[in-house]
Amino acid sequence: MKKYGMVIDTKLCVGCGACVVACKTENDVPEGLHRDWLVEEVTGKFPNLHMEIRSERCNHCSDTPCVSSCPTGASHIKKGSNIVKVDPNKCTGCQACVVSCPYNARFVMPEGYVSKCTFCDHRVEKGESPACASVCPTHAIVFGDLNNPMSRVSRLLRARKFKTIIPEAGTDPNVYYLI
Ligand code: SF4
Ligand code: SF4
Ligand code: SF4
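Along each chain, the written sequence defines residue order, and numbers are assigned to residues from 1. Working convention: letters from A go to chains and numbers from 1 go to ligands, in the order in which they are written. Where local features are concerned, this predicted model is filtered to residues with pLDDT of at least 70; where side-chain atom pairs are given and counted, the filter is 80 or more; whole-chain, interface and lining totals use all residues. No hydrogens and no water enter the side-chain calculation; it runs on all heavy atoms of the structure.

Novice: How should the overall build of the protein chain be read in this particular structure?
Specialist: Looking only at helices and strands, one finds six helices and 10 strands in the protein chain. Relative to a compact globule of 179 residues, whose C-alpha radius of gyration would be 16 Å, the protein chain shows 16 Å and is just as compact. Seen through its C-alpha atoms, the protein chain measures out along the principal axes to roughly 50 × 40 × 30 Å. To sort residues, take the accessible area from a 1.4 Å probe on protein chains only and compare it with the maximum for the residue type: under 20% means buried, over 50% means exposed, and anything in between is partly exposed. By the burial criterion, 48% of the 179 residues in the protein chain qualify as buried. Should any heavy atoms of two residues lie within 4.5 Å, those residues are considered in contact. Here the analysis covers contacts within the protein chain between residues at least 6 apart in sequence; of these, 57% occur between residues at least 24 apart. Residue burial considers only the protein chains on display, and all accessible areas are found by Shrake-Rupley using a 1.4 Å probe. Carbon and sulfur atoms make up 54% of the accessible area of the protein chain, which amounts to about 9,300 Å² in all. Considering the protein chain, the positive charge centre built from 22 side chains and the negative charge centre built from 18 side chains are found 6 Å apart. Elements are defined by DSSP. Helices are runs of H or I of four residues or more, strands are runs of E of two residues or more, and each kind is numbered from the N terminus. Our radius of gyration looks at C-alpha atoms and nothing else; its globule reference is 2.2 Å times the residue count to the power 0.38. Here the positive residues are Lys and Arg and the negative ones are Asp and Glu; neither His nor the chain ends is included. We put the charge of a Lys on NZ, of an Arg on CZ, of an Asp on CG and of a Glu on CD.

Encoded structure:
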């Protein structure tokens, strides 16, 4: 089984927003809603300040409160991988999944069903990278199979220091940030 993940290099991200625009275009995300977004975090004390810019999205977690809280099976894990998806036809819009996600990764579409990042699985099926990764001008976003020890994502995680966001939530996220 494929275990897809992203490894995002915070040292390469320049905050250009191309990943956010590409996602909106690729997935026809309505105005005001976002499947991915940028977070700017400043830490330290003047004059030793450090700014980190992170491109964030659904973490396609290994432990999924969004799936277990869904009463209809609309929120599910795609067969053969760990990609977490929503079937709009089964979604009642109850938002149980929205409140269970520690990452605020889900939103309600104007039509009433819930949506979020799919790792662009329609592109992945064709052997392509998600839109955000494919447009990043600094190649900060790397996508691949974490179960394959020879993939770029696996090699980066062996070679570099990394973190995940809100690990204490216990969802075992599959988006990693190189620090
Ligand atoms: Fe950062 Fe790349 Fe996104 Fe630009 S496209 S904000 S460099 S991750
Ligand atoms: Fe579910 Fe949220 Fe994890 Fe995505 S980030 S898999 S929506 S808990
Ligand atoms: Fe399931 Fe839809 Fe309710 Fe989310 S909003 S828990 S996907 S039925």
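From this point, the narrative continues.
Novice: For this particular structure, what's the right way to read the nonpolar core?
Specialist: Only buried residues count toward a nonpolar core. Its members are Ala, Val, Leu, Ile, Met, Phe, Trp, Tyr and Cys residues joined through side-chain atoms within 4.5 Å. The biggest cluster of nonpolar side chains holds 22 residues, and the ones touching the most others in it are M6, F119 and I141. The set of elements that each furnish at least two residues to this core consists of β1 (4-9), α1 (18-27), α5 (131-135), β8 (141-145) and β10 (175-178). Among the elements that line this core, the one with the most residues is β1, at three residues. Here F119 is in contact with Y4, G5, M6, R57, C58, H60, I83, V124, P130, F143 and V175, once residues within four sequence places are set aside. One finds C70, A74, V86 and V114 within the second-largest nonpolar core, a separate group that totals 10 residues.

Novice: Honestly, the environment of S115 in this entry has me stumped. Any pointers?
Specialist: One can find S115 in strand β7 (residues 114-115). Remark: the alpha-carbon pair of S115 and A105, spanning 10 residues in sequence, is separated by 8.8 Å. The residues touching S115, leaving out its near neighbours within four places in the chain, are R35, A105, R106, F107 and M109. Pairs of N or O atoms within 3.5 Å make up the polar contacts considered here, provided that, within protein, one atom can donate a hydrogen while the other can accept it, and that residues adjacent in sequence are counted only when both atoms are side-chain atoms. Within the structure, S115 has its side chain in polar contact with the side chain of R35 (distance 3.4 Å).

Novice: Just to check I follow, could you spell out the pairing of β8 for this structure?
Specialist: If a strand is regular, its side chains alternate between the two faces of the sheet. Taking burial as the measure, the five residues of β8 include five buried ones, the bulk of the element. Paired strands, as defined in this entry, are two strands with at least two bridges between them according to DSSP. By the bridge criterion, five bridges tie β1 to β8 in an arrangement that is antiparallel. If you follow G5 over to β8, its bridge partner there is G144.

Novice: What should I look at first to understand the site of ligand 3 in this one?
Specialist: Taken together, 14 residues are adjacent to ligand 3, and C70, C91, C94, Q95 and C97 come closest. Here the residues of the shell around ligand 3 are counted per class, giving nine nonpolar, five polar and no charged. Summary of the distance rule: residues count as near a molecule or strand when at least one heavy atom falls within 4 Å of that molecule or strand. For this classification, the nonpolar set comprises Ala, Val, Leu, Ile, Met, Phe, Trp, Tyr, Cys and Pro, the charged set comprises Asp, Glu, Lys and Arg, and every other residue, Gly included, is treated as polar.

Novice: Where do I start with the side chain of R57 in this structure?
Specialist: Tracing the backbone shows R57 in strand β3 (residues 48-57). Note on R57: relative accessible area 3%, which makes it buried. Within polar-contact distance, the side chain of R57 engages the backbone oxygen of S55 at 2.8 Å. Setting aside residues up to four positions removed in sequence, R57 forms contacts with M6, I8, R35, D36, W37, A105, C117, F119, C132, I141, V175 and Y177.

Novice: Help me understand the site of ligand 1, please; the structure alone is not making it clear to me.
Specialist: The environment of ligand 1 is formed by 13 residues, the closest being C13, C16, G17, C19 and C136. For the shell around ligand 1, the residue count by class is nine nonpolar, four polar and no charged.

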